[in-house]
Amino acid sequence: MSNLKKILNEKINCKSVWFMRQAGRYLPEFREIRSKNTNFIELCLNSELSSEITLQPIKRFNLDSAIIFSDILMVPYALGQKVVFNKNHGPKLSSFDMESFMNNDEKEFTKKLKPIYKAIQITKKKLNREKSLIGFIGAPWTLLVYMLDLKKSKNKIDLATLESKKLDLPQIINQLIKYLCLHIQNQINAGADVIQIFDSWAGLIPDEYLNSYCFIPNAKITEFCKEKEIPNISFPRGIKEKYKSFNDFVKPDGINLDPLIEPQWAKKNLKNVVLQGGLDPSVMLKSEKEIIRGATKYIQAFNDIPYIFNLGHGLLPETDPDNVNKLINFYRNFDG
Ligand code: 1CP
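First, a word on what this report is: a plain description of the structure on this page. (Residues numbered from 1 in each chain as written. Predicted model: local features only at pLDDT ≥ 70, side-chain atom pairs only at ≥ 80, totals over all residues. Heavy atoms only, no water.)

### A word on the overall build of the chain
Here's step 1: Across its full length, the chain holds 16 helices and 11 strands.
Here's step 2: Its C-alpha atoms give the chain a radius of gyration of 19 Å, near enough to 20 Å, the size a compact globule of 336 residues would have.
Here's step 3: Buried residues in the chain amount to 56% of all 336 residues.
Here's step 4: Of the contacts made within the chain by residues no fewer than 6 positions apart, 73% connect residues no fewer than 24 positions apart. (Helix = DSSP H or I, 4+ residues; strand = E, 2+ residues; numbered from the N terminus. Rg over C-alpha atoms; globule rule 2.2 N^0.38 Å. Buried < 20%, exposed > 50% of the residue type's maximum accessible area, 1.4 Å probe, protein only. Contact = heavy atoms within 4.5 Å.)

Below is the structure:
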């Protein structure tokens, strides 16, 4: 069994390191493939290339886990929205249509995403058995931010527009949960060992909606993972001290910290859960000394509890791969 699974399943204190966005734009070998494949959705649906990209950071750094190269927006795509990835402007989706959204069909959904499941199968065969293959989904709220185009500036959502749309959000969220659980099931069937649930924009939810848009949907999906006995990791990024009530309510196997969460606070307040990550990815753009100082804070704080080394968000495209290598070596050699 991989160290990642051992830590999540048995709460064993051993070393394991992987990074969010470990396969991506900071790697020259990724940029080379990407430059020849200008349609990002098509690239995600190319099983051979997706598997090759997934394995690039494993080959380069011998990381303990691989995360399948895909995107959280493949689910809205499979549910009928057009998705385009514009350079520098982030992803854009065609307008949301409630009727066609509610008319989706499970068989059709699985068929559209088959190449992702095939990529998981191919990767699993090539991956050393000591390593985990991580599948993932975006949580309903984070998908809605893109599906309904809610984000009007970097850290704000347009609540007035959301309310003026008069959409039946509980119905939309439940429909999303159904298809997200199907996507998880299909990834497990194809060979995923662990599931990470990204709620990257949870921090933008107004307080009065946190329960219905974040806690309850994440809890339902986590419950599904538990029924299927698949280790799961939550990432409710940006909700600050509400990480505690999230953890008590959702009860995930693992929880990814963001850079706003102090390691000592997490240790004291987040119980019965394996902690993962936390280090600010922008630290990776600094000097070796600063990277080591940043990492030491986390490694030392969590030295005596099960901890999965990772960052507080994805690796930035400007990151020097050499710095990633230095950080991994520092973590692996640390014994204090
Ligand atoms: O070359 C390019 O222009 C594409 C860049 C890129 C990549 C490499 C996008 C567009 N998505 C991905 C892959 C990806 N996305 C992975 C698999 C690879 C890995 O992690 O190693 C995963 C897990 C995601 C998940 C994802 N996509 C999230 C959740 C995690 C997070 O970073 O918060 C979100 C919010 C997205 C949406 C998305 N996809 C891509 C962009 C530019 C965005 C917008 C958000 C952003 O800029 O981070």
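### Focus on the environment of Glu262
Here's step 1: With respect to the helices and strands, the residue Glu262 is situated in the loop between β9 (254-256) and α14 (263-269).
Here's step 2: Classification of Glu262 by relative accessible area gives partly exposed; the value is 45%.
Here's step 3: Distance from Glu262 to Asp207, taken between C-alpha atoms, is 21 Å for residues 55 residues apart in sequence.

### Focus on the packing of aromatic side chains
Here's step 1: Evaluation of the coordinates by the stated rule reveals 17 aromatic pairs.
Here's step 2: Between the aromatic rings of Phe136 and Phe198, the centroid separation amounts to 5.7 Å while the plane-to-plane angle is 85 degrees, which identifies the pairing as edge-to-face. Taken together, the residues Phe136 in strand β4 (residues 132-138) and Phe198 in strand β7 (residues 194-198) connect sequence positions 62 residues apart. Taken individually, Phe136 and Phe198 each receive the classification buried, so the pair is uniform in this respect.
Here's step 3: Members of the aromatic cluster, joined through ring pairs, are Phe19, Tyr298, Phe302, Tyr307, Phe309 and Tyr331.
Here's step 4: Note that Lys112 overlies the ring of Tyr77, its terminal NZ or CZ placed 5.8 Å from the centroid.
Here's step 5: Above the plane of the ring of Trp201 lies Arg237, whose end atom (NZ or CZ) is 4.9 Å from the centre. (Phe/Tyr/Trp six-rings, centres within 6.5 Å; stacked < 30°, edge-to-face > 60°. Lys NZ or Arg CZ within 6 Å of the ring centre and 35° of its normal.)

### Observations concerning the pattern of salt bridges
Here's step 1: Taken as a whole, this structure holds 13 salt bridges when the rule is applied.
Here's step 2: Between Lys124 and Asp193 there is a salt bridge, with its nearest N and O atoms 2.7 Å apart. With Lys124 in helix α8 (residues 114-126) and Asp193 in the loop between α11 (169-190) and β7, this pair connects stretches of sequence that are 69 residues apart.
Here's step 3: Of the residues examined, Lys124 reaches a relative accessible area of 33% and is grouped as partly exposed. (Salt bridge = Lys/Arg side-chain N within 4 Å of Asp/Glu carboxyl O.)

### Structural notes on the site of the ligand
Here's step 1: The environment of the ligand is formed by 21 residues, the closest being Ala23, Arg34, Asp71, Ser200 and His313.
Here's step 2: In the model, an oxygen atom of the ligand is placed 2.9 Å from a nitrogen or oxygen of the Arg21 main chain.
Here's step 3: A distance of 2.8 Å is found between an oxygen atom of the ligand and a backbone nitrogen or oxygen belonging to Ala23.
Here's step 4: Contact with the protein chains hides 89% of the accessible area of the ligand, taken as 850 Å² for the molecule alone.
Here's step 5: A breakdown of the residues in the shell around the ligand according to their chemical character gives 12 nonpolar, 5 polar and 4 charged. (Near = heavy atom within 4 Å. Polar contact = N/O pair within 3.5 Å; in protein donor to acceptor, adjacent residues only side chain to side chain. Areas by Shrake-Rupley, 256 points an atom, 1.4 Å probe, with all protein chains shown as cover. Nonpolar A, V, L, I, M, F, W, Y, C, P; charged D, E, K, R; others polar.)

### What about the packing of helix α12 (residues 210-227) against helix α13 (residues 243-250)?
Here's step 1: In the contact formed by α12 and α13, the axes pass within 9 Å of each other and the chain directions differ by 40 degrees. Classified by the angle their axes make, α12 and α13 are oblique. As α12 runs across α13, the sense of the crossing is right-handed. Counted together, Cys214, Phe215, Ile216, Asn218, Ala219, Thr222 and Lys226 of α12 and Ser245, Phe246, Phe249 and Val250 of α13 form the full contact between these two elements. (Axes fitted to C-alpha atoms, helices over the stretch in contact; angles between N-to-C directions. Parallel < 35°, antiparallel > 145°, perpendicular 65-115°, else oblique. Left-handed = near helix turned anticlockwise from the far one by under 90°.)

### Quick word on helix α16 (residues 321-333)
Here's step 1: Between its terminal C-alpha atoms α16 stretches 19 Å, which fits the 18 Å expected from 13 residues at 1.5 Å a residue.
Here's step 2: Those residues of α16 that sit buried are Pro321, Asn323, Val324, Leu327, Ile328, Phe330 and Tyr331.
Here's step 3: Among the structural elements, α2 (28-36), α4 (47-61), α15 (288-301) and β11 (307-308) are those in contact with the buried residues of α16.
Here's step 4: The N-capping residue of α16, defined by a side-chain oxygen 2.8 Å from the backbone nitrogen of Asp322, is Asp320. (Expected span 1.5 Å × (residues − 1).)

### Observations regarding the nonpolar core
Here's step 1: Phe19, Phe109, Leu176, Leu257, Leu275, Phe309 and Leu327 are the most contacted members of the largest nonpolar core, which totals 123 residues.
Here's step 2: Per-element tally for this core: the top contributor is α11, with 12 residues.
Here's step 3: When near neighbours in sequence (up to four residues on either side) are disregarded, Leu275 contacts Ile255, Leu257, Ala266, Lys267, Leu270, Phe302, Ile305, Pro306, Tyr307 and Ile308. (Core = buried A, V, L, I, M, F, W, Y, C linked by side-chain atoms within 4.5 Å.)

### Remarks on unusual backbone geometry
Here's step 1: One non-glycine residue, Lys240, lies in positive phi territory at about 50 degrees.
Here's step 2: Notably, Lys251 is not glycine yet its phi reads approximately 50 degrees, a positive angle.
Here's step 3: Among the secondary structure elements, Lys251 is positioned in the loop between α13 and β9.

### Here we look at the sheet that holds β11
Here's step 1: Strand order in this open sheet of 7 strands is β1-β4-β7-β8-β9-β10-β11, and the pairing throughout is parallel. The sheet terminates laterally at β1 (65-67) and β11, the two strands that pair on one side only.
Here's step 2: Of the strands in this sheet, β4 and β7 are in contact with α11, which crosses β4 at around 165 degrees. (Pairing = 2+ DSSP bridges.)

### Considerations on the side chain of Ser65
Here's step 1: Take Ser65: it is sitting in strand β1.
Here's step 2: Ser65 has contacts with Leu4, Val17, Trp18, Gln22, Ile58, Ser132 and Ile134, leaving out every residue within four places of it along the chain.

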